[in-house]
Amino acid sequence: MKRLDRLRPPHALLAMVTLLLAGCGDDPQQILDEMGQAYRAADRYSDDARVTVRQTQGESSTEQTYPYRVAFVRPDRIRVEAYDARVVTDGTTLYAAVGTVPGQVLSEPVVTPLTLDQIFSDDALRSTLTEGEAGCPTQLPLLLADDTLALIVAESDAPPRIVGKEQVDGHDCTHLEITKPDGVLGLWIDRTSKLLRRMRVPTAAYADGLSREAGAPVGIAVEVEFTDASFEAEVPAEAFAFEVPAAAAMVTRLEPLDRPQPLHPRVGTKADLPTLATVDGEPLTRESIGDATLVLDFFFEGCGPAARSLPQVAAGIADFVADYARTHRGAQPAVRHVAVSLDPDDEPLPDIRKKLAEFGGVGTLARDPQGVSPQALGLESFPATVIVARDGRIADVIVGDHSRIRADIIETLAAVERDTDTKPLVRARHERRLREYRRDLDRAAGGGRRLPEQVIAPRRQPVRFKLEHAWRAAGVALPGNVVCLDEAHGAAEPRIVALDGWRTVVELDAKGVERSRHELDLPADAGVGFLRTALGHDGSRWWLAGRRGGQHVFVFDDAWRLHTTYPASGGPAHDGISDAELGDLDGDGAPEIVVGYTGTAGVEAAAITGRRLWHDRVATPVLGIAMGAPLAGATSREVLAFTENGRIVRVVAEPATQAASAPTSEPPIVAVASGPVADAGGWAILGIASERNGRQQAVGIDPSTVARSWQLPLGDGVHRDGPIEPVAWADLLGTPRRQWLIAAPDGSVTVAWADGRVVDRYQHGKPLVGIGGYRYGQRGHVVLATREGLEAFFVTDVALD
């Protein structure tokens, strides 16, 4: 469908809310009342909702689908996946990310009970959620707002009417219509549960706008299916865990990709300021200011961005003064800070003082109702900050608001204090940020293209072998990462170890019988999403558990007793762990811990006791970690780190032996696995490369050159049912070479050799959250985890070339 960014769909939050209420009964108004009451009284809610947009023009038509999902547990836990936005609150913190602001995750405390105002407090998040094709996710105001029904009725041109009774996904519903200024809102409300099952959004005004743009009639239909909507279904705790994307920065405000401000033409020129006076009558002239550096903040009452820029300016000045005093034996630099109100004469002074305080601004207050001074300084937009050096030259001009104003103020004031020409400094700053901006645009994959919906292909058997159902683990309610051990992995008897939720590990035997269950000894706010394992020198098995975006990994012995927390609890917070491994790095037979970080911390190695062995910051930010084979002629084992810019860095304890691939335009590798999959048990490494638009491919990594050696396209999309370790290896076929097992977002499973040749590919028909394989009784077994359960299939009728 052609997206017109300039043409906003006619349904924002108010109109959205309108969409909310439609019910099932004989009195339309009563139906709406009952529906609103049902949502507001519900302790929990969940769905798998999707928006479908159909557009027609002449003989051609297009159809696109976007997520519109909500899971909610009152009073303060919610998960929203809508359009290009993802919002999660875990009861204490709200996390959010939107595709048009790549590399940033919003993080802010939650005030109980959760409200719409909290969810929509960030500008970028609010616009993403409310300006999509179906507007704000209807579930949100239904669950969180008390005035939803009143807003809907107030917007309508006539009382709601009942069209008829229809079934939606097997549920008896009443079809209601409400005539709105921009078309007819259709609502299908469950007659029993009062749940909204389907919604048709008014699109008349939207279609008119599209038609004017196209110069020909354009038809558009926007419909939401609230699939699996329920007030009763249990919502698993992990639904409210937010996995921070690799290399993302945690921010208190999402900053869209705005082109950085260029060097202002007045920087380096004489200020030529007209006479200003403070509200107390003090004239502000070069003579009255003396040799002080002058900082002018221009604002007005309705200037929303000033609430973000003014506090940064004040903080920057305060930091500069404190730093100067610390390095100059208590001496104070001469800096004069003046906040200049551009409000008209009839704006009462107390109101201006109040607004300045609300904005968080400080400094001496002055007024310029005619805007003479900004005209003299060449300012056309606000808020704006101008720094005038002691010699009367303009040292810097900062227009608008962004997160680095504070640092810019400090940098410019320090340069002025050193009598340094600031023009080269400001020009270099712009050029640096322009490079960052272009990099972020590249990361956004063409300007904020939405992640594709996870489309699951119909179930289909493989061609070169058959799969027969072996067992299902009925006791595993919330399957996750799966680790399968057999003789090839050093296990005497096959073992299947799987996560059940985020804090429980279940062990099964080769027939799927549950042998043990372990509640992990974790901090109350911790959970795990992946498992790693390695053998010790005495044959004992160790386990590592962690979560992408988490603060720690946890090491357990084979009885699942907690042995080590790394990094140790109580240490400083970091940007989050991206991946971790467990393996013998120094040849002494004891495994070591290797951790990669999403920020600038790089890669760390630690003993099994938690004592840090070495730390390398060359590879940053890290997306994945893989263990290599032992280095030739040495007892140490290499570690490969996969970075955000596509590099592959060989990291070892001795920096002199380090090697890395060059930065590449290839998509970064976001998941990686290694093992003895090549001929004669040779070491092989496989990564999953993912583009911003959801296109995925398996990539072979040459262990000797750390270069990409082959590529294999996979099903497109993004795994949305939970965190998944998408690659495992096993001996499924009883051949001298083992095979890779690769889970793709479309529910497909690819079985491949170490050189990238495909053995077979088939469709499981469900979204996967775990994959593994083992050999038992002369048969290979494929173990698959979905949100519906954990089950295994044995391989028969193998017919290889």
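Residues numbered from 1 in each chain as written. Predicted model: local features only at pLDDT ≥ 70, side-chain atom pairs only at ≥ 80, totals over all residues. Heavy atoms only, no water.

1. Section: the overall build of the protein chain
Here's step 1: Within the protein chain, the secondary structure is distributed over 13 helices and 48 strands.
Here's step 2: The globule rule puts the C-alpha radius of gyration for 801 residues at 28 Å, and the 30 Å found for the protein chain is close to it.
Here's step 3: On the principal axes, the C-alpha backbone points of the protein chain span a range of 95 × 80 × 50 Å.
Here's step 4: Split into buried and exposed, the 801 residues of the protein chain put 55% on the buried side.
Here's step 5: If you average the places of the 85 positive and of the 112 negative side-chain charges in the protein chain, the two averages end up 3 Å apart. (Helix = DSSP H or I, 4+ residues; strand = E, 2+ residues; numbered from the N terminus. Rg over C-alpha atoms; globule rule 2.2 N^0.38 Å. Buried < 20%, exposed > 50% of the residue type's maximum accessible area, 1.4 Å probe, protein only. Lys, Arg positive; Asp, Glu negative; His and termini not counted. Charge placed at Lys NZ, Arg CZ, Asp CG, Glu CD.)

2. A word on the pattern of salt bridges
If charged atoms from side chains of opposite charge come close, those side chains can pair.
Here's step 1: Counted by the stated rule, this structure contains 48 salt bridges.
Here's step 2: The salt bridge partner of Arg326 is Asp323, with a shortest N-O separation of 2.2 Å. Placement of the pair is Arg326 and Asp323 together in helix H9 (residues 306-327), with a separation of 3 residues, close to one helical turn.
Here's step 3: Classification of Arg326 by relative accessible area gives exposed; the value is 61%.
Here's step 4: Accessibility expressed as a relative area gives 33% for Asp323, which makes it partly exposed. (Salt bridge = Lys/Arg side-chain N within 4 Å of Asp/Glu carboxyl O.)

3. Examining the sheet that holds strand S22 (residues 479-485)
Here's step 1: What the 4 strands build is an open sheet, ordered S22-S23-S24-S25; its pairing is antiparallel. A strand with exactly one partner marks an edge of an open sheet, and here the two such strands are S22 and strand S25 (514-519). Between one strand axis and the next, the sheet turns through 20° on average, direction left out of account. (Pairing = 2+ DSSP bridges. Axes fitted to C-alpha atoms, helices over the stretch in contact; angles between N-to-C directions.)

4. Details of empty space enclosed by the protein
A probe matching the size of a water molecule, rolled over the atoms, marks out where space remains unfilled.
Here's step 1: Overall, the coordinates contain 1 cavity of 30 Å³ or more when judged by the stated rule.
Here's step 2: By volume, the largest cavity is sized at about 80 Å³.
Here's step 3: Lining the largest cavity we find Glu238, Leu478, Pro479, Gly480, Asn481, Leu499, Gly501, Trp502, Val528, Gly529, Pro723 and Arg787.
Here's step 4: Considering every element that reaches the lining of the largest cavity, the biggest residue donor is S22, with 3 residues. (1 Å grid on protein atoms, 1.4 Å probe; cavity = no way out; pocket = protein on both sides within 12 Å on 5 of 7 lines; lining within 4 Å. Points joined across faces, edges and corners; volume = space filled by probe spheres on them.)

5. A look at unusual backbone geometry
Here's step 1: Residue Pro75 follows Arg74 across a cis peptide bond; omega there is 15°.
Here's step 2: Of note, the bond from Phe382 into Pro383 is cis; its omega dihedral lies within 30 degrees of zero at 5°.
Here's step 3: With respect to the helices and strands, Pro383 occurs in the loop between helix H11 (372-376) and strand S19 (384-388).
Here's step 4: A positive phi angle, near 70°, is found at Lys194, a position not held by glycine.
Here's step 5: Mapping Lys194 onto the fold places it in the loop between strand S10 (183-190) and strand S11 (196-201).
Here's step 6: Although it is not a glycine, Asp797 sits at a positive phi angle of roughly 50°.

6. A few points about the packing of H9 against helix H12 (residues 405-417)
Here's step 1: Interhelical geometry of H9 versus H12 gives an angle of 40° and a closest axis separation of 8 Å. Here H9 is positioned oblique relative to H12, judged by the angle of their axes. Read as a crossing pair, H9 and H12 show a hand that is right-handed. Of the residues in H12, those touching H9 at Ser309, Gln312, Val313, Ala315, Gly316, Ile317, Asp319, Phe320 and Tyr324 are Ile405, Arg406, Ile409, Ile410, Leu413, Ala414 and Glu417.
Here's step 2: Taken together, the residues of the contact of H9 with H12 break down into 10 nonpolar, 3 polar and 3 charged. (Parallel < 35°, antiparallel > 145°, perpendicular 65-115°, else oblique. Left-handed = near helix turned anticlockwise from the far one by under 90°. Contact = heavy atoms within 4.5 Å. Nonpolar A, V, L, I, M, F, W, Y, C, P; charged D, E, K, R; others polar.)

7. Side note on the side chain of Gln118
Here's step 1: Here Gln118 shows up in helix H3 (residues 116-119).
Here's step 2: For Gln118, a relative accessible area of 15% translates into the label buried.
Here's step 3: Once you skip the residues sitting within four places of it in the chain, Gln118 turns out to touch Leu94, Glu108, Pro109, Val110, Val111 and Pro113.

8. Let's talk about the sheet that holds strand S39 (residues 684-690)
Here's step 1: The 4 strands are arranged S38-S39-S40-S41 in an open sheet whose pairing can be described as antiparallel. On the outer flanks of this sheet lie strand S38 (669-675) and strand S41 (707-713), each paired with one strand and no other. Ignoring which end each strand starts from, the neighbouring axes of this sheet average 25° apart.
Here's step 2: Pairing of S38 with S39, which is carried by 6 bridges, proceeds in the antiparallel orientation. Note on S39: the bridge partner recorded for Ala673 is Leu686.

9. Digging into the environment of Val201
Here's step 1: Relative to the helices and strands, Val201 resides in strand S11.
Here's step 2: Owing to a relative accessible area of 3%, Val201 belongs among the buried residues under this scheme.
Here's step 3: As a C-alpha pair, Val201 and Val184 span 17 residues in sequence and 7.1 Å in three-dimensional space.

10. Quick notes on the pairing of strand S40 (residues 696-702)
Here's step 1: A large share of S40 lies buried, amounting to 6 of its 7 residues.
Here's step 2: With 6 bridges connecting them, S39 and S40 associate as antiparallel partners. Paired with Ser690 across the two strands is Gln696, which belongs to S40.
Here's step 3: Where S40 and S41 come together, 6 bridges link them in antiparallel fashion. Bridge pairing in S41 places Gly700 opposite Trp710.

11. With respect to the confidence of the model for the protein chain
Here's step 1: A residue-level look at the protein chain finds 90% of positions with pLDDT of 70 or above and a mean pLDDT of 86.
Here's step 2: Within the protein chain, strand S28 (residues 553-556) carries the highest mean pLDDT (97), whereas helix H1 (residues 13-20) carries the lowest (43).
Here's step 3: Contacts of residues 1-25 to residues separated by more than four positions or lying in other chains number 106 contacts, the stretch itself having pLDDT below 50.
Here's step 4: Taken together, the stretch residues 655-659 has pLDDT below 50 and engages in 10 contacts with residues farther than four places along the chain or on a different chain. (pLDDT = per-residue confidence, 0-100.)

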